[in-house]
Every structure is written in C-alpha cells, then in structure tokens.
Amino acid sequence: MLDERGLPPQSRRPDPVSAITVGALSIIAVALFAAAVLATYTYSTPNVELPLVIAVALFFVVVVFANILRLAVRHLRPGR
C-alpha cells in the first residue's frame, strides 16, 4: 500500500551517497564529542583540539559538497 506505483520494489537501488552521508555524520558526531572532551578535560595538550575541529569542519564541507553534487546530477540527469 505504501510502495511507489512507478517502480517495483526489486528495481529500486539504495543511494550510496545517502549511506555514506549517514556514516560520515556519525563520525562527525563522535569527533565533535571527542573535541568537547578534549576541550574540557585535557590541560596538558591544549593544541590537540584545534586540528581536530578543523578536520571535522572540512569533513563536513566535503559531505555537504557531495550531497549538493548528487542533487545536481539528479536534477540534470533525471533518468539516473
């Protein structure tokens, strides 16, 4: 009843970019938690947090760019 009428359930393929996005956002959440712990509890190595936060921000930008690229490809080539 909730299936789409256009495609049978066997011909639909999962989107790999969506799966990668979910995994990447999970990694980003863990890294941000680690950055919060490092910012709060480590006083001996304060220079560890900045590279971690920069890497997390760049990783997030890459994930967002991959999703924008995926949407552009879907918009320009609707059959794919």
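Structural notes, computed from the coordinates.

Calculation criteria
- Residues numbered from 1 in each chain as written.
- Predicted model: local features only at pLDDT ≥ 70, side-chain atom pairs only at ≥ 80, totals over all residues.
- Heavy atoms only, no water.
- Helix = DSSP H or I, 4+ residues; strand = E, 2+ residues; numbered from the N terminus.
- Buried < 20%, exposed > 50% of the residue type's maximum accessible area, 1.4 Å probe, protein only.
- Areas by Shrake-Rupley, 256 points an atom, 1.4 Å probe, with all protein chains shown as cover.
- Expected span 1.5 Å × (residues − 1).
- Contact = heavy atoms within 4.5 Å.
- Patch = residues over 30% accessible without salt bridge, like charges linked within 9 Å, V, L, I, M, F, W, Y side chains within 5 Å.
- Salt bridge = Lys/Arg side-chain N within 4 Å of Asp/Glu carboxyl O.
- Axes fitted to C-alpha atoms, helices over the stretch in contact; angles between N-to-C directions.
- Parallel < 35°, antiparallel > 145°, perpendicular 65-115°, else oblique.
- Left-handed = near helix turned anticlockwise from the far one by under 90°.
- Nonpolar A, V, L, I, M, F, W, Y, C, P; charged D, E, K, R; others polar.

Some thoughts on the overall build of the protein
No. 1: A count of helices and strands for the protein gives two helices and zero strands.
No. 2: Taking all 80 residues of the protein together, the buried fraction comes to 11%.
No. 3: Surface exposure of the protein reaches about 6800 Å², of which carbon and sulfur atoms provide 72%.

Things to note about helix 1 (residues 16-41)
No. 1: For helix 1, spanning 26 residues, the distance from its first C-alpha to its last is 37 Å, which sits close to the expected 38 Å at 1.5 Å a residue.
No. 2: Buried within helix 1 are the following residues: T21, A24, I28, A31 and A35.
No. 3: Residues of helix 1 that are buried sit in contact with helix 2 (49-76).

A short note on a nonpolar patch on the surface
No. 1: Among the surface-exposed residues, L25, F60, V61, V64 and I68 lie close enough to one another that they form a single nonpolar patch of about 420 Å² accessible area.
No. 2: Of all the elements, helix 2 adds the most residues to the nonpolar patch, at four residues.
No. 3: Within the secondary structure, L25 is located in helix 1.

Section: the packing of helix 1 against helix 2
Packed helices, taken two at a time, are described by the angle between their axes plus the distance between the axes.
No. 1: Closest axis-to-axis distance for the helix 1/helix 2 pair is 10 Å, and the angle between their directions is 160 degrees. In terms of orientation, helix 1 and helix 2 fall into the roughly antiparallel class. Regarding helix 1 and helix 2, the two cross each other, and that crossing is left-handed.
No. 2: In terms of residue class, the contact of helix 1 with helix 2 is built from 18 nonpolar, three polar and two charged.

Thoughts on helix 2
No. 1: Look at helix 2: 41 Å from first C-alpha to last across 28 residues, which is about the 40 Å you get at 1.5 Å a residue.
No. 2: Buried positions along helix 2 lie against helix 1.

Side note on the environment of L25
No. 1: L25 sits in the partly exposed class, given a relative accessible area of 39%.
No. 2: The spatial distance from the C-alpha of L25 to the C-alpha of V56 is 9.9 Å, given a sequence separation of 31 residues.

Focus: the side chain of T21
No. 1: Tracing the backbone shows T21 in helix 1.
No. 2: Of the residues examined, T21 reaches a relative accessible area of 14% and is grouped as buried.
No. 3: With residues up to four places along the chain from it excluded, the contact list for T21 reads V63 and N67.

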